[in-house]
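What follows is each chain in one-letter form.
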Amino acid sequence: MGGLPLQDASSTLALLGSQPNQGLEVTKSGTESKPKKKICCACPETKKLRDECIVEHGEEACAKWIEAHRKCLRAEGFNV
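Residues numbered from 1 in each chain as written. Predicted model: local features only at pLDDT ≥ 70, side-chain atom pairs only at ≥ 80, totals over all residues. Heavy atoms only, no water.

Peer 1: Would you mind going over the pattern of salt bridges with me for this structure?
Peer 2: Where charged atoms of side chains with opposite charge meet at close range, the side chains can pair. Going through the model one piece at a time under the given rule, you end up with 4 salt bridges. The partner of E76 in a salt bridge is K37, and the shortest N-O contact between them spans 3.1 Å. Of this pair, E76 sits in the segment after α3 (63-75) while K37 sits in the loop between α1 (9-14) and α2 (44-57), and the two are 39 residues apart along the sequence. With respect to burial, E76 and K37 carry one shared label: buried. A salt bridge links E67 to R70; the nearest nitrogen and oxygen atoms lie 4.0 Å apart. Pair noted here: E67 and R70 are both in helix α3, with a separation of 3 residues, about one helical turn. Under the relative-accessibility criterion, R70 is labelled partly exposed at 40%. Overlapping salt bridges bring together E67, R70 and R74 as one network. (Salt bridge = Lys/Arg side-chain N within 4 Å of Asp/Glu carboxyl O. Helix = DSSP H or I, 4+ residues; strand = E, 2+ residues; numbered from the N terminus. Buried < 20%, exposed > 50% of the residue type's maximum accessible area, 1.4 Å probe, protein only.)

Right under this line is the structure:
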């Protein structure tokens, strides 16, 4: 099979934030304007920070992390 080896998947995910438009492609090929990843797999770093903040402090106190995650998703091609 032509996919990435399982042992290298974590290192590939770690590089997602530092190398835009590279990483795992999980969507079917279609128009080029669509994001190449599912929204749940995009921006794992900002997603983790956002989620941890909301659990510990509540949504109202985490506006900067929520907006940072939205900005990252927009950069990945999602309309949020």
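Peer 1: Explanation requested: the state of the cysteines in the structure shown.
Peer 2: A covalent bond between the sulfur atoms of two cysteines is referred to as a disulfide. This model, assessed by the stated rule, comprises 2 disulfides. The side chain of C43 participates in a disulfide bridge whose partner is C72; the two sulfur atoms lie 2.0 Å from each other. On the sign convention where negative is left-handed, the bridge of C43 and C72, at about -95° about the S-S bond, is left-handed. With C43 in the loop between α1 and α2 and C72 in helix α3, this pair connects stretches of sequence that are 29 residues apart. Since its relative accessible area comes to 4%, C43 is described here as buried. Here C53 pairs with C62 through a disulfide, and the sulfurs are 1.9 Å apart. Across the S-S bond linking C53 and C62, the dihedral sits near -90°, which makes this disulfide left-handed. For C62, a relative accessible area of 0% gives the class buried. Ordinal numbering of bonded cysteines along the protein defines a disulfide pattern of 1-4, 2-3. (Disulfide = S-S within 2.5 Å.)

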